[in-house]
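Topology and contacts: notes
Now for the letters of each chain:
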Amino acid sequence: MEHITEGANTAHQSTIDWDQMDWAQLQSHLIGTGDPHAAWLFIGDPASDLDIQQQQAFAGEPGALLDKMLAAIQLKRGENIYLAHLPNPLALSRLVALLQPKLIVTLGQQASQAVMNSQQGLEALRGKKHQYQSIPVIASYAPSHLLQHEVDKRNAWKDLCAARDAMAALAN
């Protein structure tokens, strides 16, 4: 399992040649955890202070909830999945190029808007087919949101089922 931490400031990031960056170099610019050969890429809203402090994607209670959500669709942190918090757009593009996931699941409004290059709210993005660099994208709620708004868990379950079904279709 690879751990990636958040790195350089924004001014420094603008001078980076993202297209030439290899996996090891990319690690200093993201907060992410998982299998570097994963078919599933989960991208969440920007990292919380706890995520940054622990240098782990989806730490604490939101991470525990995400682990339960993954288990419900027979996935496990670090096994064929990669979890990352929203990096800058150039780092995101390089992450996708290096990882080459089969499916992207966005967790939260900011992540969904950034990946889908949209200003629409999360409710407008959920339940629709999207793509990022020809990769299918499913939008859902951030685990931290679900901890505060339990009423949205039913819709989050629908999103996870849609992601599971999309991945099954890609395997055929």
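Residues numbered from 1 in each chain as written. Predicted model: local features only at pLDDT ≥ 70, side-chain atom pairs only at ≥ 80, totals over all residues. Heavy atoms only, no water.

Looking only at helix α5 (residues 89-99), the buried set comprises Ala91, Leu92, Arg94, Leu95, Val96 and Leu99. Gln100 occupies a position one or two residues after α5 and carries a positive phi of about 50°. (Buried < 20%, exposed > 50% of the residue type's maximum accessible area, 1.4 Å probe, protein only. Helix = DSSP H or I, 4+ residues; strand = E, 2+ residues; numbered from the N terminus.)

Enumeration over the complete set of coordinates arrives at two aromatic pairs. Aromatic side chains Trp23 and Tyr82 sit 5.6 Å apart centroid to centroid with 75° between the ring planes, which places their arrangement in the edge-to-face category. With Trp23 in helix α2 (residues 23-26) and Tyr82 in strand β4 (residues 81-85), this residue pair connects regions lying 59 residues apart in the sequence. Judged by relative accessible area, which is 16%, Trp23 ranks as buried. Given the relative accessible area of 0%, Tyr82 is considered buried. (Phe/Tyr/Trp six-rings, centres within 6.5 Å; stacked < 30°, edge-to-face > 60°.)

It is worth spelling out the pairing of strand β7 (residues 135-140) at this point. Counting buried residues in β7 gives five out of six residues, a clear majority hidden from the surface. In the sheet, strand β5 (residues 103-107) pairs with β7 via four bridges, with the strands oriented parallel. Residue pairing in the sheet places Thr106 in a bridge with Ala139 of β7. Pairing of strand β6 (residues 130-132) with β7 involves three bridges; the strand directions are antiparallel. Its bridge partner being in β7, Tyr132 is matched across the sheet by Ile135. Where β6 hands over to β7, the hairpin turn is made up of two residues, of which Gln133 adopts a positive phi near 50°. (Pairing = 2+ DSSP bridges.)

To continue, consider the pattern of salt bridges. Taken as a whole, this structure holds five salt bridges when the rule is applied. A salt bridge links Arg77 to Asp67; the nearest nitrogen and oxygen atoms lie 2.8 Å apart. Of this pair, Arg77 sits in the loop between α4 (60-72) and β4 while Asp67 is found in helix α4, placing the two residues ten residues apart along the sequence. In this structure, Glu79 engages Lys76 in a salt bridge whose closest nitrogen and oxygen atoms are separated by 4.0 Å. When its relative accessible area of 48% is taken as the criterion, Glu79 is described as partly exposed. The class for Lys76 is exposed, based on a relative accessible area of 52%. (Salt bridge = Lys/Arg side-chain N within 4 Å of Asp/Glu carboxyl O.)

Next up on the list: helix α6 (residues 109-116). Turning to α6, its buried residues number three or more, namely Ala111, Ser112, Gln113, Val115 and Met116. Directly after α6, the chain includes Asn117, whose backbone phi takes a positive value near 50°.

To continue, consider the environment of His85. Tracing the chain through its elements places His85 in strand β4. Of the residues examined, His85 reaches a relative accessible area of 6% and is grouped as buried. Excluding residues that lie within four positions of it along the chain, His85 makes contacts with Ile31, Ile43, Gly44, Asp45, Pro46, Ala47, Asp51, Ala57 and Phe58. From its side chain, His85 meets the backbone oxygen of Asp45 in a polar contact 2.8 Å long. One polar contact links the side chain of His85 to the main-chain amide nitrogen of Phe58, over a distance of 3.1 Å. (Contact = heavy atoms within 4.5 Å. Polar contact = N/O pair within 3.5 Å; in protein donor to acceptor, adjacent residues only side chain to side chain.)

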